[in-house]
Amino acid sequence: MTAPVWPDGLQDGTPLPFSVWRVLHHVDGQRDITEVARLSGMTVPDVQERLNAAAAWVARAAQRDLPVSDDLADRIIQCLTGVVGPVAAVMVDEVLDDLGDQATLNATLSALAKQLTPERVQAFARLLRERGVT
């Protein structure tokens, strides 16, 4: 059985849920998955689930630093429209214009969140998660 390894792009400082770090703490590229499970106090399927979760977290973190494509901007507008109505398109366009070459997903969402009330930020975040944007 091959030894599990950390997902590409994962670093010590990557924010992950404790249940995932609890497994990754024992992943060293030497131990097989059975040993990682034993050390983690979990079953092998639980360990595999945590490894898959770590890969998904890394993918989401990498996505946040990518430039905003037209398709992504449209998805952001759709989510924001559910919170503020048709003015969402104007808000997103203005933020993208202001950010210019610095228009990453993370920067765009942060700039938009600053324009919303806390309640609307929560609703916006929920819609972004539901539609797979974040």
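In the block above lies the structure referred to throughout.
Conventions used here
Counting restarts for each chain: residues are numbered from 1 in the order of the written sequence. For a predicted model such as this one, the threshold for reporting local features is a pLDDT of at least 70, and the threshold for listing and counting side-chain atom pairs is 80 or more; totals across whole chains, interfaces and linings nevertheless cover every residue. The basis for the side-chain values is all heavy atoms of the structure; hydrogens and waters are excluded. Centre distance within 6.5 Å is the pairing criterion for rings of Phe, Tyr and Trp, where only the six-membered ring of Trp is used; planes under 30 degrees apart are then read as stacked, over 60 as edge-to-face, and the remainder as tilted. Under the scheme used here, helices are H or I runs from DSSP no shorter than 4 residues and strands are E runs no shorter than 2 residues, and both carry numbers assigned from the N terminus. The rule is simple: take the accessible area with a 1.4 Å probe, protein chains only, and divide by the maximum for that residue type; under 20% is buried, over 50% is exposed, in between is partly exposed. Residues with no salt bridge and a relative accessible area higher than 30% make up the patches, which join like charges within 9 Å and nonpolar side chains (Val, Leu, Ile, Met, Phe, Trp, Tyr) within 5 Å. Areas reported here follow the Shrake-Rupley algorithm with a probe of radius 1.4 Å; residue values treat only the protein chains shown as occluding. Counted as salt bridges are all cases of a side-chain nitrogen of Lys or Arg within 4 Å of a carboxyl oxygen of Asp or Glu. By the counting rule applied here, Lys and Arg register as positive and Asp and Glu as negative, while His and the ends of each chain are not counted. Every charge is mapped to an atom, namely NZ of Lys, CZ of Arg, CG of Asp or CD of Glu. Residue count minus one, scaled by 1.5 Å, sets the expected span of a helix. To be clear, the arc concerns the directions from the helix axis to the C-beta atoms. Here, residues are in contact when the closest pair of their heavy atoms is within 4.5 Å.

### Regarding the packing of aromatic side chains
Within the structure shown, the criterion is met by one aromatic pair. Centre to centre, the rings of W6 and W21 are 5.3 Å apart; their planes meet at 65°, and the pair counts as edge-to-face. Of this pair, W6 sits in the segment before α1 (18-24) while W21 sits in helix α1, and the two are 15 residues apart along the sequence. Taking relative accessible area as the criterion, W6 reaches 26% and is therefore assigned partly exposed.

### Thoughts on a negative patch on the surface
A contiguous patch of negative charge, built from D93, E94, D97 and D98, is present on the exposed surface. Following the sequence through the fold, E94 ends up in helix α5 (residues 88-99).

### Concerning the pattern of salt bridges
A complete count under the given rule lists five salt bridges for this structure. Here R38 makes a salt bridge to E35, at a shortest N to O gap of 2.7 Å. Taken together, the positions of R38 and E35, both in helix α2 (residues 33-40) and three residues apart, correspond to about one turn of that helix. The exposure class of E35 is partly exposed, given its relative accessible area of 28%. We note a salt bridge from R50 to E49, for which the minimum N-O separation is 3.9 Å.

### Brief notes about α5
Look at α5: 16 Å from first C-alpha to last across twelve residues, which is about the 16 Å you get at 1.5 Å a residue. Among all positions of α5, only A88, M91, V92, V95 and L96 are buried. Take α5 and look down its axis: the buried residues cluster within an arc of 125°, on one side only. Along α5, exposed side chains directed more than 90 degrees from the buried face belong to D97 and D98. Packed against the buried residues of α5 are α4 (70-84) and α6 (105-113). Phi turns positive, to about 55°, at G100, one or two residues after α5.

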